[in-house]
Amino acid sequence: STDDARLLAAAQPKAKMLLLQGVNHVLKTAPQDRAANIAAYADARPLDPQVAPAILNFLQGVKP
């Protein structure tokens, strides 16, 4: 849940957390409904379109 994600991020001060609307933790577009969300795990659908820009943005902020 997002509450769990917030707790995990709070436990590590250096953590960076980003919540993407409609994206599950395997980075696919998925509905809130638990059964449909779990079905997305085995679905061959691509990553949600929000994922690649978020990763690029993160990497651009990493210092060598």
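Here's what I pulled together on the structure shown here. Model, not experiment: these values are computed from the prediction.

## Some points on the overall build of the protein
- In terms of helices and strands, the protein carries three helices and zero strands.
- Reading the helices (α) and strands (β) of the protein from amino to carboxyl end gives α-α-α.
- The C-alpha radius of gyration computed for the protein amounts to 13 Å, which surpasses the reference 11 Å derived for 64 residues by more than 25%, pointing to a less compact arrangement than a globule.
- Buried residues in the protein amount to 16% of all 64 residues.
- Within the protein, residue pairs in contact and separated by at least 24 positions form 26% of the contacts whose partners lie at least 6 positions apart.
- About 5400 Å² of surface is accessible on the protein, with carbon and sulfur atoms providing 62% of the total.
- One way to put it: in the protein the 7 positive side-chain charges average out to a point 12 Å from where the 5 negative ones average out.

## Let's talk about the side chain of N37
- Examined against the element boundaries, N37 turns out to sit in helix α2 (residues 34-42).
- Of note is the side chain of N37, whose polar atom sits 2.9 Å from the side chain of N24.

## Focus: the side chain of D48
- Relative to the helices and strands, D48 resides in the loop between α2 and α3 (51-60).
- No salt bridge is formed by the buried D48. Its closest oppositely charged neighbour is R45, at 8.0 Å.
- In this structure the side chain of D48 is engaged in a polar contact, spanning 2.3 Å, whose partner is the side chain of T29.
- The contact partners of D48, leaving out residues within four places of it in the chain, are G22, V23, L27, K28 and T29.

## Notes on the pattern of salt bridges
- This model, assessed by the stated rule, comprises one salt bridge.
- The partner of D43 in a salt bridge is R45, and the shortest N-O contact between them spans 2.9 Å.

## Here's the deal with unusual backbone geometry
- A positive phi angle is found at L27, which is not glycine, with a value near 70°.
- Examined against the element boundaries, L27 turns out to sit in the loop between α1 (2-11) and α2.
- What makes L27 partly exposed here is its relative accessible area of 34%.

## Section: the environment of T29
- Turning to its location among the elements, T29 is positioned in the loop between α1 and α2.
- For the pair T29 and P13, spaced 16 residues apart in sequence, the C-alpha to C-alpha distance is 28 Å.
- Not counting chain neighbours up to four residues away, the residues in contact with T29 comprise G22, A40, R45, D48 and P49.

About the thresholds
- Residues numbered from 1 in each chain as written.
- Predicted model: local features only at pLDDT ≥ 70, side-chain atom pairs only at ≥ 80, totals over all residues.
- Heavy atoms only, no water.
- Helix = DSSP H or I, 4+ residues; strand = E, 2+ residues; numbered from the N terminus.
- Rg over C-alpha atoms; globule rule 2.2 N^0.38 Å.
- Buried < 20%, exposed > 50% of the residue type's maximum accessible area, 1.4 Å probe, protein only.
- Contact = heavy atoms within 4.5 Å.
- Areas by Shrake-Rupley, 256 points an atom, 1.4 Å probe, with all protein chains shown as cover.
- Lys, Arg positive; Asp, Glu negative; His and termini not counted.
- Charge placed at Lys NZ, Arg CZ, Asp CG, Glu CD.
- Polar contact = N/O pair within 3.5 Å; in protein donor to acceptor, adjacent residues only side chain to side chain.
- Salt bridge = Lys/Arg side-chain N within 4 Å of Asp/Glu carboxyl O.

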